[in-house]
Amino acid sequence: MVRRLTPQWRRGRTGRLGRRSRGERAAIVGLSLAALFGIWTFVDDLALRLVLVVLLLLVLPAIVVIALDRRI
């Protein structure tokens, strides 16, 4: 009876980030930061920089799904 009344905590990985290994998460973050650094380094126009950053953030989930062959 007490076991039924106490909440059950899920152990292990849960949520969207939990489905990726530590190496995959590091690769996603590292490549995203490298792309952001490249945008801010090689693009001179501020408006174009902002558009490219927003585009990167919008396309990033699709790139992850295509590259890792799994859904988020």
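Residues numbered from 1 in each chain as written. Predicted model: local features only at pLDDT ≥ 70, side-chain atom pairs only at ≥ 80, totals over all residues. Heavy atoms only, no water.

Q: Give a detailed account of helix α3 (residues 46-68), specifying residues and quantitative values.
A: Its 23 residues give α3 an end-to-end C-alpha distance of 32 Å, which sits within 8% of 33 Å, the value for a rise of 1.5 Å per residue. Of all bends in α3, the biggest is about 45°, found at V59, and the proline P61 comes one to four residues later. Every buried residue of α3 is accounted for by R49, V53, L56 and V64. Of the residues trailing α3, D69 is marked for its positive phi of about 60°. (Helix = DSSP H or I, 4+ residues; strand = E, 2+ residues; numbered from the N terminus. Expected span 1.5 Å × (residues − 1). Bend = angle between axes of the 7 residues up to and from the residue. Buried < 20%, exposed > 50% of the residue type's maximum accessible area, 1.4 Å probe, protein only.)

Q: Give a detailed account of the side chain of S32, specifying residues and quantitative values.
A: Among the structural elements, S32 can be located in helix α2 (residues 22-42). Assessed through its relative accessible area of 13%, S32 is described here as buried. When residues no more than four places from it in sequence are discounted, the contact partners of S32 are L56 and L60. (Contact = heavy atoms within 4.5 Å.)

Q: I'd like a description of a nonpolar patch on the surface, backed by residues and values.
A: A cluster of nonpolar side chains, namely V54, L55, L58, V59 and I63, defines an oily patch on the protein surface of about 440 Å² accessible area. Along the chain, L55 turns up in helix α3. (Patch = residues over 30% accessible without salt bridge, like charges linked within 9 Å, V, L, I, M, F, W, Y side chains within 5 Å. Areas by Shrake-Rupley, 256 points an atom, 1.4 Å probe, with all protein chains shown as cover. Salt bridge = Lys/Arg side-chain N within 4 Å of Asp/Glu carboxyl O.)

Q: Run through the environment of V64, naming residues and quoting values.
A: Summarising the element assignment, V64 is placed in helix α3. Overall, the relative accessible area of 9% leaves V64 in the buried class. V64 sits 40 residues away from E24 along the chain, and the two C-alpha atoms are 9.5 Å apart.

That's the geometry; what it means functionally is another story.
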